[in-house]
Amino acid sequence: MSLAEASEARKARLIALRKRKAGEAVDEAGVESEPVIKHRSFDPNTRSLKKHTPEEDAQMEDTVEHQVEGLAEKIIAEDAERRAQDLDLFNIAPRKPNWDLKRELDRKLSKLERKTQEAIHTLIRQRLAAQKGQSDDIVGAMNAEQRAGENDASSDEED
């Protein structure tokens, strides 16, 4: 079968298909015969017209109208809620008038807090070193202060 013959056979099949879809009967030779009867409202067994019943109507569940039904009311309700929240004066105005000052001071205070903790750790280390007997200038002064405090406490007890 050559390419030209295959092309002609395909064309004939396509023409027959188009005619079948259009409702015309086609013979194998390509000659038209009588049109094909489509039994949409005719019952060939009883040879009468079919009666229309509501059950035969297919309800389209996935139509746009069914999907959008109630959507407008829902959007309007959500918009009204947003407007009510936006107009609430407690949400607009700050609760305390100095909140912006506190916000800016918090950054500076966080640095100071870290430095304060480091200073406290240094003082604790110095006191521990003084108790162990290691002496530095500051540690020696702290030991002297502790001794003076102990002497005052012992003199108070004697009186």
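Residues numbered from 1 in each chain as written. Predicted model: local features only at pLDDT ≥ 70, side-chain atom pairs only at ≥ 80, totals over all residues. Heavy atoms only, no water.

### Description of the pattern of salt bridges
- Summed over all chains, the structure comprises two salt bridges.
- For the salt bridge of Asp79 with Arg83, the shortest nitrogen-to-oxygen distance reads 3.2 Å. A residue pair is termed a helical-turn pair when its members lie 3 or 4 positions apart in one helix, as Asp79 and Arg83 do in helix α3 (residues 71–86) at four residues.
- Residue classification places Asp79 among the partly exposed positions, given a relative accessible area of 30%.
- Note on Arg83: relative accessible area 55%, which makes it exposed.
- Note that Glu104 and Arg103 form a salt bridge whose closest N and O atoms lie 3.9 Å from each other.
- Looking at Glu104, the relative accessible area reads 44%, which means it is partly exposed. (Salt bridge = Lys/Arg side-chain N within 4 Å of Asp/Glu carboxyl O. Helix = DSSP H or I, 4+ residues; strand = E, 2+ residues; numbered from the N terminus. Buried < 20%, exposed > 50% of the residue type's maximum accessible area, 1.4 Å probe, protein only.)

### Overview of the confidence of the model for the protein chain
- With 67% of its residues at a pLDDT of 70 or more, the protein chain has an overall mean of 77.
- Within the protein chain, the lowest mean pLDDT, 56, falls on strand β1 (residues 24–26), and the highest, 90, falls on helix α1 (residues 3–22). (pLDDT = per-residue confidence, 0-100.)

### Comments concerning a positive patch on the surface
- A cluster of basic residues, Lys108, Lys111, Arg114 and Lys115, forms a positive patch at the surface.
- Along the polypeptide, Lys111 turns up in helix α5 (residues 99–132). (Patch = residues over 30% accessible without salt bridge, like charges linked within 9 Å, V, L, I, M, F, W, Y side chains within 5 Å. Areas by Shrake-Rupley, 256 points an atom, 1.4 Å probe, with all protein chains shown as cover. Lys, Arg positive; Asp, Glu negative; His and termini not counted. Charge placed at Lys NZ, Arg CZ, Asp CG, Glu CD.)

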